[in-house]
Amino acid sequence: MSEKKPLRTMFCFGISQNFFDADTEEAKQVWRAFSEMWNGIAAIPGAAMLANLDDDQTMVGPSESWPWTTYLMADMPDYEAVVAACNLVRTTPVGDGTRKLWKYCRVQARIGRALVVPA
């Protein structure tokens, strides 16, 4: 019986216009919520964070689709874990909790496998 391989997953995050319209205090609350969500993905049992990339210096303004603002590459244990990670964008509270993170960003998960290139 073969060992179950993790799902190589690239989480693509797009920051919306709502973030850019936020005042300084609201933007700080969003950043804290984004950090909570990001760390929540890392805390999913069996998740292994591999790399991240932030495009904020060469991409200015909101990203409604590709190219995204920031990316997180991870090995996830199964499809349900990928769904749980995406759900954190829906459920993570911002500030007093009357707003959720998905008001300010979106996520799309691309699932594949590690590419093995022969020597």
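Up top is the structure.
Residues numbered from 1 in each chain as written. Predicted model: local features only at pLDDT ≥ 70, side-chain atom pairs only at ≥ 80, totals over all residues. Heavy atoms only, no water.

### Some points on a nonpolar patch on the surface
- On the surface, a nonpolar cluster with roughly 290 Å² of combined accessible area is contributed by Tyr-79, Val-83 and Ile-111.
- Within the secondary structure layout, Val-83 lies in helix 3 (residues 79-91).
- Val-83 sits in the partly exposed class, given a relative accessible area of 39%. (Patch = residues over 30% accessible without salt bridge, like charges linked within 9 Å, V, L, I, M, F, W, Y side chains within 5 Å. Areas by Shrake-Rupley, 256 points an atom, 1.4 Å probe, with all protein chains shown as cover. Salt bridge = Lys/Arg side-chain N within 4 Å of Asp/Glu carboxyl O. Helix = DSSP H or I, 4+ residues; strand = E, 2+ residues; numbered from the N terminus. Buried < 20%, exposed > 50% of the residue type's maximum accessible area, 1.4 Å probe, protein only.)

### Things to note about the sheet that holds strand 1 (residues 7-15)
- The sheet built from four strands is open, its strands ordered 2-3-1-6 with antiparallel pairing. What marks the edges here is a single partner per strand, and that holds for strand 2 (48-54) and strand 6 (105-112). The sheet shows a mean angle of 20 degrees between the axes of neighbouring strands, direction not considered.
- Taken together, the eight bridges between strand 1 and strand 6 define a ladder with antiparallel strand orientation. Pairing of Arg-8 across the sheet is with Gly-112, part of strand 6.
- Here helix 2 (residues 24-42) sits on the sheet in contact with strand 1, strand 2, strand 3 (70-76) and strand 6, set at roughly 175 degrees to strand 1. (Pairing = 2+ DSSP bridges. Axes fitted to C-alpha atoms, helices over the stretch in contact; angles between N-to-C directions. Contact = heavy atoms within 4.5 Å.)

### A closer look at the nonpolar core
- Within the largest apolar cluster, 23 residues are counted, with the highest numbers of intra-cluster contacts made by Phe-11, Phe-13, Phe-34, Met-37, Ile-41, Met-76 and Leu-101.
- Sorting the residues of this core by element identifies strand 1, helix 2, strand 3 and helix 3 as the ones contributing at least two each.
- Of all the elements, helix 2 adds the most residues to this core, at six residues.
- When neighbours within four sequence positions are excluded, Met-76 is seen to be in contact with Pro-6, Leu-7, Thr-9, Phe-11, Ile-44, Ala-47, Ala-81, Val-82 and Ala-85. (Core = buried A, V, L, I, M, F, W, Y, C linked by side-chain atoms within 4.5 Å.)

### Comments concerning the pattern of salt bridges
- Summed over all chains, the structure comprises three salt bridges.
- Of the charged contacts in the structure, one is a salt bridge between Arg-32 and Glu-25, with a shortest N-O distance of 3.4 Å.
- Of the residues examined, Arg-32 reaches a relative accessible area of 48% and is grouped as partly exposed.

### Brief notes about the packing of helix 2 against helix 3
- At their nearest, the axes of helix 2 and helix 3 sit 9 Å apart, and the two run at 160 degrees to each other. One way to sum up the angle between helix 2 and helix 3 is to call them roughly antiparallel. Judged by the twist between their axes, the crossing of helix 2 over helix 3 is right-handed. On helix 3, the residues touching Met-37, Gly-40 and Ile-41 of helix 2 are Ala-85, Leu-88 and Val-89.
- Class assignment for the residues of the contact of helix 2 with helix 3 results in five nonpolar, one polar and no charged. (Parallel < 35°, antiparallel > 145°, perpendicular 65-115°, else oblique. Left-handed = near helix turned anticlockwise from the far one by under 90°. Nonpolar A, V, L, I, M, F, W, Y, C, P; charged D, E, K, R; others polar.)

### Looking at the pairing of strand 3
- The buried fraction of strand 3 is high, at six of seven residues.
- Across seven bridges, strand 1 lies against strand 3 in antiparallel orientation. By the bridge assignment, Thr-9 is partnered in strand 3 with Ala-74.
- For strand 2 and strand 3, the ladder comprises six bridges, and the chain directions are antiparallel. Across the sheet, the residue bridging to Asp-54 is Thr-70, located in strand 3.

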